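# Report on the structure
Below, each chain spelled out in residue letters.
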Amino acid sequence: MSTYEPPPLDSEGPLGGRRARGGRTGRGAPLVNPFGPADNHPAAGDGDSRRQSVIAFVSGIDTAIDDDWVMRILRACGDVDSWNRVRGADGARQRFGFCAFSTIDGAACAVRVLSGADGDSLTLPGPEPAAKRQPLRVSVESSVRDAIDACTDDRSAIEAAARTSVAEIVRELAAAVACEGAPPAAADDAEGEEPAVSLEEEDAYERERAESRRRKHLVLAAEERERKIARDQADRDERIARNAARDLARVESAQRERDACAAALARWDDAREEQLAAHEYYRNRQRWWRSRKAARARELDADAADRGAQQAEEAAAPTAGGSAAAKALIDEIPAERAALFGWPVKWQHVDDALLGAKIEPAVRRRLREYLGDDDEDGSVAELTEFVVAHIRARKPPAPLADDLQMVLVDDAPVFVARIWRVVVFETESLARAAAAA
């Protein structure tokens, strides 16, 4: 409600009446109805689309009129969540305040009945001369006003009942004014004049609208953050479930192979197999050994070639000006993780060409070391794309390690450090080659 914090209501004074028991008119605090159930005002509309709180600016209230009277008049039009009377720096009641109606229908009834939307304006009685009193005015935002004008329901009976209730309350208020010994009302020589709204009233109304928009924006932003966190958590849970299922399948497959091998060994009859000579080992053992040695040599050569290609990719880029310069650069890159993660990466050299030729293959190869070559569920490809997108966005390495911890667990920081060494090496090589050209 209003950003101004009003002091408590006076319990006594001119037209003081009773104060709401258990309630107050502070910011955002709903008042308890001190006059019992509001059984003489219309019920709110049943449609969910119309059951939303509406803030209305109410002005034209005599400063001597207590807030209990105002609350009764407002409740005669519809359900009220809260009423906040604005007060001056000295604590004096002002002529205006803010009312939160529970529904659009309640606000619509107040606008039509209290503001004289049909040409019949309402001026509350008070001790001031009639010439100084202002007609009551209820204002809402333009969007709410459009919704009120667009309503095609026939609410004449409901508004007529509200007018009857308001008229009865006004008669009681007039009697209270008379009992207080207020001066008689003078001739209404201000008839036909437009109700004056002070600059202070307009400023307070604009501040309330701005505060309402700010609160709505904060709520929407918080809801969007919660949805993003939920989506990210769901993605992580899904990846963890896939990896767990794959690891379980791998363990079960290995166990089946071990069981099958153990069963075969239990049934193995070496003498019978030698007699059958179905396997080459039993037919010609020397030839089998030569074939096995050749196959093993090819395997060792392939492993050596893979290691050489990996070392060449990591330590001998042509943009570095030769192997000596590449080795010097490798020695210069820190091995300690904190220093490595704090290295100022030359991001201007990170483009699609570098990512496709150098970074992405290194990421995919490292992930296969951790997750295996079998990529039936697409986890390696998915994580590769995720890591490359993180680097393409020029984000720091520490958050990447946190995101991958769900999948790689304790190996996540080591994995990111290995990838980050490749990023630093490739960008530094390109930067130094450009400087030397």
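Up top is the structure.
A few points on the structure.

What counts, and where the lines are drawn
- Residues numbered from 1 in each chain as written.
- Predicted model: local features only at pLDDT ≥ 70, side-chain atom pairs only at ≥ 80, totals over all residues.
- Heavy atoms only, no water.
- Helix = DSSP H or I, 4+ residues; strand = E, 2+ residues; numbered from the N terminus.
- Buried < 20%, exposed > 50% of the residue type's maximum accessible area, 1.4 Å probe, protein only.
- Contact = heavy atoms within 4.5 Å.
- Areas by Shrake-Rupley, 256 points an atom, 1.4 Å probe, with all protein chains shown as cover.
- Pairing = 2+ DSSP bridges.
- Disulfide = S-S within 2.5 Å.
- Axes fitted to C-alpha atoms, helices over the stretch in contact; angles between N-to-C directions.
- Core = buried A, V, L, I, M, F, W, Y, C linked by side-chain atoms within 4.5 Å.
- Salt bridge = Lys/Arg side-chain N within 4 Å of Asp/Glu carboxyl O.
- Parallel < 35°, antiparallel > 145°, perpendicular 65-115°, else oblique.
- Left-handed = near helix turned anticlockwise from the far one by under 90°.
- Expected span 1.5 Å × (residues − 1).
- Phe/Tyr/Trp six-rings, centres within 6.5 Å; stacked < 30°, edge-to-face > 60°.

Per the secondary structure count, the protein chain includes 14 helices and four strands. Classification of the 437 residues of the protein chain by burial places 36% in the buried group. Summarising the internal contacts of the protein chain: among those between residues at least 6 apart in sequence, 71% fall at separations of at least 24. Carbon and sulfur atoms form 52% of the exposed surface of the protein chain, whose accessible area is close to 24,700 Å².

Burial analysis of strand β1 (residues 54–59) places five of its six residues in the buried class, the great majority of the element. Pairing analysis gives six bridges linking β1 to strand β3 (residues 93–101), with the strands arranged antiparallel. Its bridge partner lying in β3, Ser 59 is registered against Phe 96. Direction of pairing for β1 relative to strand β4 (residues 137–139): antiparallel, over a ladder of three bridges.

The next thing to look at is the state of the cysteines. Applying the stated rule across the entire model yields zero disulfides. In this structure Cys 77 is a free cysteine whose sulfur lies 4.4 Å from that of Cys 109, the closest cysteine sulfur available.

Pairing within the open sheet is antiparallel, and its four strands lie in the order β2-β3-β1-β4. Each having just a single partner strand, β2 (80–87) and β4 make up the two edges of the open sheet. Taking each pair of neighbouring strands and ignoring which way they run, the sheet shows an average axis angle of 25°.

Before going further, it helps to examine the nonpolar core. Buried together is how nonpolar side chains tend to be arranged in soluble globular proteins. One finds Val 58, Leu 74, Trp 83, Phe 101, Leu 114, Leu 124 and Val 166 to be the most contacted residues of the largest nonpolar core, which totals 37 residues. Counting only elements with at least two residues in this core, the list comes to β1, α1 (67–75), β2, β3, α2 (104–114), α3 (142–150) and α4 (156–179). Element by element, the count of residues in this core is highest for α2, at eight residues. Excluding its chain neighbours within four sequence positions, the residues that come into contact with Phe 101 are Gln 52, Ser 53, Val 54, Ala 56, Leu 74, Asp 79, Val 80, Asp 81, Gly 106, Ala 107 and Ala 110.

Right, let's get into the pattern of salt bridges. Working definition: two side chains of opposite charge can pair if their charged atoms are close together. Taken as a whole and assessed by the stated rule, the structure comprises 25 salt bridges. Here Asp 232 and Lys 228 are joined by a salt bridge, their closest N and O atoms 2.9 Å apart. Highlighted residues: Asp 232 and Lys 228, both in helix α5 (residues 199–267), separated by four residues, approximately one helical turn. The salt bridge involving Arg 432 is made with Glu 428; its shortest N-O contact spans 3.4 Å. One end of the pair, Arg 432, and the other, Glu 428, are both in helix α14 (residues 412–436), four residues apart, so they sit about a helical turn from each other. Residue Glu 428 is classed as buried on the basis of its relative accessible area, which comes to 4%. Residues participating in the shared-partner salt-bridge network are Glu 208, Glu 211, Arg 214 and Arg 215.

Between helix α11 (residues 352–371) and α14, the shortest axis-to-axis distance is 10 Å and the interhelical angle comes to 160°. When the axes of α11 and α14 are compared, the pair comes out roughly antiparallel. Considering only the axes of α11 and α14, their crossing is right-handed. Of the residues in α14, those in contact with Leu 354, Lys 358, Ile 359, Ala 362, Val 363, Arg 366, Leu 367, Glu 369 and Tyr 370 of α11 are Val 414, Phe 415, Arg 418, Ile 419, Val 422, Val 423, Glu 426, Thr 427 and Leu 430.

Helix length check: α4, at 24 residues, gives a terminal C-alpha distance of 35 Å against a target of 34 Å (1.5 Å per residue), a fit within 8%. Where the residues of α4 are buried, they touch α1 and α2.

Another point: the packing of aromatic side chains. Going through the model one piece at a time under the given rule, you end up with four aromatic pairs. An angle of 45° between the planes, with centres 5.8 Å apart, marks the rings of Phe 57 and Phe 96 as tilted. You can see Phe 57 sitting in strand β1 and its partner Phe 96 sitting in strand β3, a full 39 residues away along the chain. On the accessibility criterion, Phe 57 (4% relative accessible area) is buried. Seen in terms of ring centroids, Trp 288 and Trp 289 are 4.8 Å apart; in terms of plane orientation they differ by 80°. Their pairing is edge-to-face. In this structure Trp 289 comes out as partly exposed when scored by relative accessible area, which is 45%.

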